[in-house]
Amino acid sequence: MVKKLLAVCLAGAAVLALSPGAVAETAATPKPFPVVLATPTGKVTIPRQPKRIVSLSATATESLYAIGAGRRVVAVDDLSNYPARAPRTKLSGYTPNAEAIAGYRPDLVVVRTDSGLTEALGKLKIPVLVQPEAANLVRAYAQVTQLGRATGYRKGAAATVRSMRARITKALASVPRGRTLTVYHELTTDYYSVTSRTFIGQIYRMFGLRNIADSAGGTSDYPQLSGEYIVASNPDLIFLADSKCCGQSLSTVSGRPGWSTTRAVRGRNVVRLDDDVASRWGPRVASLVQTVAAYVKRARST
Amino acid sequence: MSAAREHGLPAVVAPRVGVPWTLVALAALLGAVLVGLLVGPVPIGIGEIARSALARVPFLSVATPLDAAQEAIVWELRFPRVVLGALVGGMLALSGASYQGVFRNPLADPYLLGVAAGAGFGATLVIAYGPAGVDGFVLPLASFAGGIAAVVAAYLIGRSVGGGRTTATLILAGVTVAAFLTAAQVFVQQQNSDTLNEVYAWLLGGLTTAGWGDVLTVLPYVAISATVLLLHRRTLDALAVGDEEARTLGLDVTRIRLLLVAAATLGTAAAVAVSGLIGFVGIVVPHLVRLMVSSSYRVILPLSVVVGAAFLVLADVFARTILSPAELPIGVVTAFIGAPFFALVLRTTRSSA
């Protein structure tokens, strides 16, 4: 018994030892699989092209469909609401249940946080790819590229990244230089915001905007601001990421006591963002950047 | 109104609120309100605020030195927040004191009786399943329904086990009900992850977005609840002696108990509906008054209102200035300041007694 186990282990080790060599031999047209990917929780090996993908990350779901791997997706989590044709299930990305995931017999699971899944599904030989919130656009592009390698849709991934990059570069270039504008990004109706250290905060920074939440960032990247501070900061631009959840808009914001004195309300530069797009870092971030660009231009011209 | 007096109770009731303590408490409240008005993340001078206040007095030709934004900050953001803090703090302390009297249980408070959990469950149901936009008006009613259901359940369970008399059974029943309702609430929340944000914002609460609208929302409920409770402060003293004794004085104990629980729960639910779940005020403030001034509910009830109001206004000053311009959840402040302070009072009064 022990000998048999040992033999299996040795055979496995031999395969592992051989595989890099095998890839190197055909360097001209690299064999796409098996592929070894680096994740925050270590390396993950995907032995062959996945045919049954489960995505528990709304961002990854969007990217999978954008790169063309959508038809390999068998289940997505309860928050993956885009694109509409994605097979939404009751699976949760925040409190994942390994057994329920395994029930879909996946050969690749993409998650945002590990939550012990790598270990649990590893026992069933199901590779788990962890793609946490990207710190900036470069990391976001890298995740799309990585998904391409993981699924075998490398060309689709490259095209998606090219298109994102082109649209974002164009949007950035379309904004004329001018005075420094201040921005307030609203996550919730009780004034939780984001600092420049977050992904969305990085986007505002690329436009040279000064984020009023930065001075409150000592405690958290998602600080809760006090209302009087926001009014006193007099932001030029207000972006609402609580428009879908909580019905916020220019009219509700200007109805808040004191807020009508801000430059953003007076110049009508209070922008409803799609809550989902504003909290993800997938391909749709390009349209978010275009929206931001349009309003930065508007605010500079008034 | 004064059921106790009608039935010849004055012998068992303690003296009225002493004048010095009343003055101390009122001075504390006034000080807290002034500090609340003067201190905030946006520095505005005392003199300017004073002149701006004078400018609002009719027939005085004082021009405000503040610009429009500063005016709005002081009078539309800061002042309603102070007023709401006072209302909520006073109400929570008064409810806590009343629960303690009604159940003859020093540990009774909205948390331990499950009222807060019930109110949270009611509000979550409305946020998750109710039509959007009705929250402002319906939330207090939904929290009230949840809160009253919870406290009745806790009382019935407690009575079925230990005759409703012992401290432990009532609290155990309350904790059981609270655990059940919290579980139900989390379940509903997880089923409706799209409204998760809204529920969390509400549960964590605080006075961050307080405006005059919120003050107007709670005011009627708080006024009714506080009036009913304060009018029964002598009755609570009668109940404190014991059900049998109260009955011999001609009090309909069951009816009074129900009325007072309903009033205290209505007040708690209204407070919770605008400010979320703020712990600690309901249990600590009444005990503070009890330890420092008197154990008569004629004293505890009115003083708890004033001290509770001052306490929460001050706690909110800390909540919005410590991490300024970021906010700290007010529940953290009430416990962080309240717990050591209460421990100190407990120690000094017990050792000197």
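Just so it is clear, the structure is predicted and the values come from calculations on it, not from any experiment. (Residues numbered from 1 in each chain as written. Chains lettered and ligands numbered in written order. Predicted model: local features only at pLDDT ≥ 70, side-chain atom pairs only at ≥ 80, totals over all residues.)

**Q** Talk me through the overall build of chain A; I want residue IDs and the actual numbers.
**A** When its secondary structure is counted, chain A shows 13 helices and 10 strands. Here chain A holds 302 residues, and 45% of them are scored as buried. Considering only contacts in chain A between residues 6 or more positions apart, those separated by 24 or more positions represent 58%. (Helix = DSSP H or I, 4+ residues; strand = E, 2+ residues; numbered from the N terminus. Buried ≥ 20, exposed ≤ 12 C-beta atoms within 10 Å, placed from the backbone. Contact = placed C-beta atoms within 7 Å.)

**Q** Summarise the sheet that holds strand 6 (residues 128-130) of chain A; cite the residues concerned and give the values.
**A** All names here are of chain A. Pairing within the open sheet is parallel, and its four strands lie in the order 4-3-5-6. The sheet terminates laterally at strand 4 (73-76) and strand 6, the two strands that pair on one side only. Averaged over neighbouring strand pairs, the angle between their axes works out to 20 degrees when direction is ignored. Of the strand pairs in this sheet, strand 5 (residues 108-111) and strand 6 are connected by three bridges, and their pairing is parallel. Bridging from a neighbouring strand, V110 pairs with L129 of strand 6. (Pairing = 2+ DSSP bridges. Axes fitted to C-alpha atoms, helices over the stretch in contact; angles between N-to-C directions.)

**Q** Pulling in residues and values, what's your account of the confidence of the model for chain A?
**A** On average, residues of chain A score 88 in pLDDT, and 90% of them are at 70 or above. Across residues 1-28 of chain A, confidence stays below pLDDT 50; counting only partners more than four residues off in sequence or on other chains, it has four contacts. (pLDDT = per-residue confidence, 0-100.)

**Q** Explain the nonpolar core residue by residue, including any values.
**A** By size, the foremost hydrophobic cluster in this structure holds 187 residues, and its most contacted members are A:V109, A:L237 and B:V307. With 19 residues, the single largest contributor to this core is helix 4 (residues 68-102) of chain B. Excluding residues within four positions of it along the chain, A:V109 makes contact with A:V54, A:L56, A:I101, A:L117, A:L121, A:I126 and A:V128. (Core = buried A, V, L, I, M, F, W, Y, C linked by C-beta atoms within 7 Å.)

**Q** Give a description of the confidence of the model for chain B that names residues and reports values.
**A** As a general rule, the predicted coordinates of low-pLDDT regions are not to be interpreted in detail. Residue and element names in this part refer to chain B. In the predicted model, chain B carries a mean pLDDT of 83, and 87% of its residues have values of at least 70. Helix 14 (residues 297-321) holds the highest mean pLDDT among the elements of chain B, 93, whereas helix 1 (residues 3-6) holds the lowest, 43. Model confidence for the complex is summarised by a pTM of 0.80, with the ipTM given as 0.75.

**Q** So what's going on with the packing of helix 5 (residues 137-151) of chain A against helix 6 (residues 154-173) of chain A? Which residues, and what values?
**A** All names here are of chain A. Close contact between helix 5 and helix 6 brings their axes to 7 Å; oriented N to C, the two are set at 160 degrees. In terms of orientation, helix 5 lies roughly antiparallel with respect to helix 6. Here the hand of the crossing between helix 5 and helix 6 comes out right-handed. On helix 6, the residues touching L137, Y141, V144, T145, L147, G148 and R149 of helix 5 are R154, G156, A157, A158, T160, V161, M164, R165 and I168. Partitioning the contact of helix 5 with helix 6 into residue classes produces nine nonpolar, four polar and three charged. (Parallel < 35°, antiparallel > 145°, perpendicular 65-115°, else oblique. Left-handed = near helix turned anticlockwise from the far one by under 90°. Nonpolar A, V, L, I, M, F, W, Y, C, P; charged D, E, K, R; others polar.)

**Q** A description of the sheet that holds strand 7 (residues 182-186) of chain A should follow, citing residues and the corresponding values.
**A** All names here are of chain A. Spatial ordering of the open sheet is given by 8-7-9-10, a layout of four strands whose pairing is parallel. Lying at the two open borders of the sheet, with one neighbouring strand each, are strand 8 (210-211) and strand 10 (270-272). Bridge analysis of strand 9 (residues 237-240) against strand 10 gives three bridges, and the strand direction is parallel. Across the sheet, F239 pairs through a bridge with V271, a residue of strand 10.

**Q** Go over the environment of A:R272, please, and point to the residues and values.
**A** Residues and elements named next belong to chain A. Mapped onto the elements, R272 comes out in strand 10. Exposure remark for R272: the 19 C-beta atoms within 10 Å place this residue in the partly exposed category. Every residue in contact with R272, bar those within four places of it in the chain, is listed here: L240, S243 and S249.

**Q** Describe in detail the interface of chain A and chain B, supporting the description with residues and values.
**A** How big an interface is tends to be stated in terms of accessible area lost as the parts join. With 25 residues of chain A in contact, the opposing surface of chain B contributes 25 residues. It is helix 8 (residues 227-233) of chain A that contributes the most residues to the side of chain A that touches chain B, five residues altogether. For the side of chain A that touches chain B, the class distribution of residues is 11 nonpolar, 11 polar and three charged.

**Q** Residue-level account of helix 2 (residues 58-66) of chain A, with values.
**A** All names here are of chain A. With nine of nine residues buried, helix 2 is to be regarded as a mostly interior element. Turning to helix 2, its buried residues are A58, T59, A60, T61, E62, S63, L64, Y65 and A66. Against strand 3 (53-55), strand 4, strand 5, helix 5, helix 6 and helix 12 (275-278) lie the buried residues of helix 2. Following helix 2 by one or two positions, G68 adopts a phi angle in the positive range, close to 100 degrees.

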